[in-house]
Amino acid sequence: MPIPHHPVAIVGAGPGGLTLARVLRVHGIEAAVFDLDASATARTQGGMLDIHDDSGQVALRAAGLYDAFLAHVHAGGQATRVLDKDARVLLDIPDDGAGGRPEIDRGDLRRLLVGSLPEDVIRWGAKVTGARPLGDGRHEVTLEDGGSFTTGLLVGADGAWSRIRPLVSDARPAYTGVSFVESDLPDADVRHPVSAEVVGWGMLFALGAGRGFLGHRESDGSLHVYTALEAPEEWLDGIDFTSVEAAKRAVLDHFGDWDKSLRALVADAEGPLVPRRIHALPVGHRWDRVPGVTLLGDAAHLMSPFAGEGANLALIDGADLGLALAAHPGDTEAAVAAYEEKMFARAARSAADSAASGAILLRADAPQGLVDMFTGAGPDGGAADAGGVAVSGAAPSV
């Protein structure tokens, strides 16, 4: 039988890949999406995402999904609290509805995007193992099940450890020096009222030198917590995460002099603790134009999560690429070249901001640097918008 051919093939059904497929469909262009998950519900999708008005929201408008997105916004989710290691509240910013970064549950966003596409667009359980150029911009893609297909435009939307990236770049993500351990406290108001009070209605930053707790309240009333620690890359390898209690002790050993109410964010967590090393591609990562292939989202510009840019960039990348292809019918290379130049510049700015924010959050006098950012007392004199931390559940690296 002949190998199937898809004019546009998207590897990865994350926010960026799905947005691209949706925007293309809005403009009458068909695309096929390939994802390694067995189904749309095969795994949980992580915590909350703050969707920025100058990127993620622009993309959702281009996809015709903005009004549907608003129906899923977590009321109060833009509230922000900043505490020190003694649980003293240094800032408590309420959500007055005027902020430009409303929160949505990552799972709700994915369901919205998946539901906007016909069922036959996404090929679930299709793990890509490699791709090779065939000439004239065409590529052959191989799948784990032994199948393959060809495509006129191959889009790598497959995250940090992209199988498509080697076609355009030799760059690989590097460890940033920070590791996270995720924990959850369900039904917090009833089962964990002290922790619910500590986190508040939106985002929590409880920070000290080189470590901290970054938490947020989810739309179902649970608390999702990222324990952040500057640590050697091998630190997580020495923790037995198959034993929840042993993992808790190992993490909390680094917070011995912190307030009990903050330690409870880990000590009282329910379910397994999840380790994640934070990796990033070089700031300003780019490549020379390679016919018939491009990248978006983390595959193109993986960065640390400290400015909440990752999902937003994936969304706007997908929308911009879709709009560029629609604006250049019959000239894929012109479309992709226009998209990449715009994407490279935007990603470089965001990656630099993310790295700088991470340094501020965990510096020696933390949380003073973050307080200065929010209040306009920092070096630039401008108050910061209350950005969130968004760690992709799709790309663990441990």
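Data block above holds the structure.
**Student:** Please give an account of the overall build of the protein chain that cites residues and values.
**Tutor:** For the protein chain, the count of helices and strands is 12 helices and 16 strands. Expected size for 398 residues packed as a compact globule is a radius of gyration near 21 Å; at 21 Å, the protein chain falls within 12% of this value. Each of the three principal axes of the protein chain carries a C-alpha extent, and together these read 65 × 45 × 35 Å. Of the contacts formed within the protein chain by residues at least 6 apart in sequence, a portion of 72% connects residues at least 24 apart.

**Student:** Would you mind going over the sheet that holds strand E4 (residues 80-83) in detail, with residue names and values included?
**Tutor:** Strand order across the open sheet formed by 7 strands is E5-E4-E12-E13-E14-E11-E15, with mixed pairing between neighbours. Strands with a single pairing partner mark the edges of an open sheet, and in this sheet they are strand E5 (89-93) and strand E15 (270-280). Across the sheet, the mean angle from the axis of one strand to that of its neighbour is 15 degrees, orientation sign disregarded. As judged from the 7 bridges shared by strand E13 (residues 211-217) and strand E14 (residues 223-230), these two strands associate in the antiparallel manner. Each residue of the ladder has a partner; that of Arg-217, found in E14, is Leu-223. Seen against the sheet, helix H7 (residues 244-252) touches strand E11 (174-185), E14 and E15 and runs at an angle of roughly 50 degrees to E15.

**Student:** Hey, could you go over the pattern of salt bridges for me, with residue numbers and the actual values?
**Tutor:** Any two side chains of opposite charge can pair, so long as their charged atoms come close to each other. Throughout the structure, instances matching the rule amount to 21 salt bridges. Of the charged contacts, one joins Asp-108 and Arg-111 as a salt bridge, the two residues approaching to 2.6 Å between their closest N and O atoms. Pair noted here: Asp-108 and Arg-111 are both in helix H4 (residues 106-115), with a separation of 3 residues, about one helical turn. On the accessibility criterion, Asp-108 (17% relative accessible area) is buried. Here Lys-342 ties to Asp-320 by a salt bridge, and the two come within 3.7 Å at their closest N and O atoms. Of this pair, Lys-342 sits in helix H11 (residues 332-361) while Asp-320 sits in helix H10 (residues 310-327), and the two are 22 residues apart along the sequence. Taking the relative accessible area as the measure of exposure, Lys-342 reaches 48% and is therefore partly exposed.

**Student:** Report on the nonpolar core, specifying residues and quantitative values.
**Tutor:** Taken as a class, soluble globular proteins show a tendency for nonpolar side chains to be buried jointly. Among the nonpolar cores identified, the biggest contains 63 residues, and Ile-10, Ile-51, Leu-109, Ile-122 and Leu-321 are the most heavily contacted of them. Tallying contributions element by element places H10 first for this core, with 8 residues. Residues in contact with Ile-10, not counting those within four places in the same chain, are Gly-17, Leu-20, Ala-21, Ala-31, Ala-32, Val-33, Phe-34, Val-155 and Ala-157. Listed in part, the 28 residues of the second largest apolar core include Leu-83, Leu-204, Phe-255 and Leu-262.

**Student:** So what about the packing of aromatic side chains? Which residues, and what values?
**Tutor:** Counted according to the given criterion, the structure contains 9 aromatic pairs. Residues Phe-34 and Phe-149 carry aromatic rings whose centres are separated by 4.1 Å and whose planes lie at 10 degrees to one another, so their mutual orientation is stacked. One end of the pair, Phe-34, is in strand E2 (residues 32-34); the other, Phe-149, is in strand E10 (residues 148-156), and 115 residues separate them in sequence. Both residues of the pair, Phe-34 and Phe-149, count as buried. Here a set of aromatic residues connected by ring pairs shows up, and it is made of Phe-180, Tyr-226 and Phe-306. One residue, Arg-61, lies across the ring of Tyr-66, its end atom 3.7 Å from the ring centre. For Arg-217, the ring lying beneath its charged end belongs to Trp-201, and the centroid distance is 4.4 Å.

**Student:** Run through the pairing of strand E8 (residues 128-135), naming residues and quoting values.
**Tutor:** In the sheet, E8 pairs with strand E9 (residues 138-143) via 6 bridges, with the strands oriented antiparallel. Of the residues in E9, the one forming a bridge with Ala-131 is Val-141. Between the antiparallel neighbours E8 and E9 lie 2 residues, among them Asp-136 with a positive phi of about 55 degrees.

**Student:** Tell me about the environment of Pro-291, residues and numbers included.
**Tutor:** Checked against the element boundaries, Pro-291 lands in the loop between E15 and strand E16 (293-295). Classification of Pro-291 by relative accessible area gives partly exposed; the value is 44%. Residues contacting Pro-291, with those up to four places away along its chain left out, are Gly-137, His-139 and Glu-333.

**Student:** Break down the pairing of E5 for me, citing the residues and quoting the values.
**Tutor:** Pairing of E4 with E5, which is carried by 4 bridges, proceeds in the antiparallel orientation. Opposite Arg-81, over in E5, you have Asp-92 as the bridge partner. Counted between consecutive antiparallel strands, the loop separating E4 from E5 contains 5 residues, among which Ala-87 sits at a positive phi close to 70 degrees.

**Student:** Lay out the side chain of Arg-81 in plain terms, naming residues and giving numbers.
**Tutor:** Positionally, Arg-81 belongs in strand E4. At 2.9 Å, the side chain of Arg-81 and the backbone oxygen of Glu-197 are in polar contact. Among residues more than four places away in sequence, those in contact with Arg-81 are Val-89, Leu-91, Asp-92, Glu-197, Val-198, Val-199, Gly-200, Met-203, Leu-204 and Phe-205.

**Student:** Let's hear about unusual backbone geometry: which residues, and what values?
**Tutor:** Cis peptide bonds are those with omega within 30 degrees of zero, and the linkage from Ala-366 to Pro-367 qualifies with 10 degrees. Looking at where Pro-367 falls in the secondary structure, it is placed in the loop between H11 and helix H12 (368-375). Even without being a glycine, Ala-87 presents a positive backbone phi close to 70 degrees. With respect to the helices, strands and loops of the structure, Ala-87 is situated in the loop between E4 and E5.

Each value, and the rule that gives it
- Residues numbered from 1 in each chain as written.
- Predicted model: local features only at pLDDT ≥ 70, side-chain atom pairs only at ≥ 80, totals over all residues.
- Heavy atoms only, no water.
- Helix = DSSP H or I, 4+ residues; strand = E, 2+ residues; numbered from the N terminus.
- Rg over C-alpha atoms; globule rule 2.2 N^0.38 Å.
- Contact = heavy atoms within 4.5 Å.
- Pairing = 2+ DSSP bridges.
- Axes fitted to C-alpha atoms, helices over the stretch in contact; angles between N-to-C directions.
- Salt bridge = Lys/Arg side-chain N within 4 Å of Asp/Glu carboxyl O.
- Buried < 20%, exposed > 50% of the residue type's maximum accessible area, 1.4 Å probe, protein only.
- Core = buried A, V, L, I, M, F, W, Y, C linked by side-chain atoms within 4.5 Å.
- Phe/Tyr/Trp six-rings, centres within 6.5 Å; stacked < 30°, edge-to-face > 60°.
- Lys NZ or Arg CZ within 6 Å of the ring centre and 35° of its normal.
- Polar contact = N/O pair within 3.5 Å; in protein donor to acceptor, adjacent residues only side chain to side chain.

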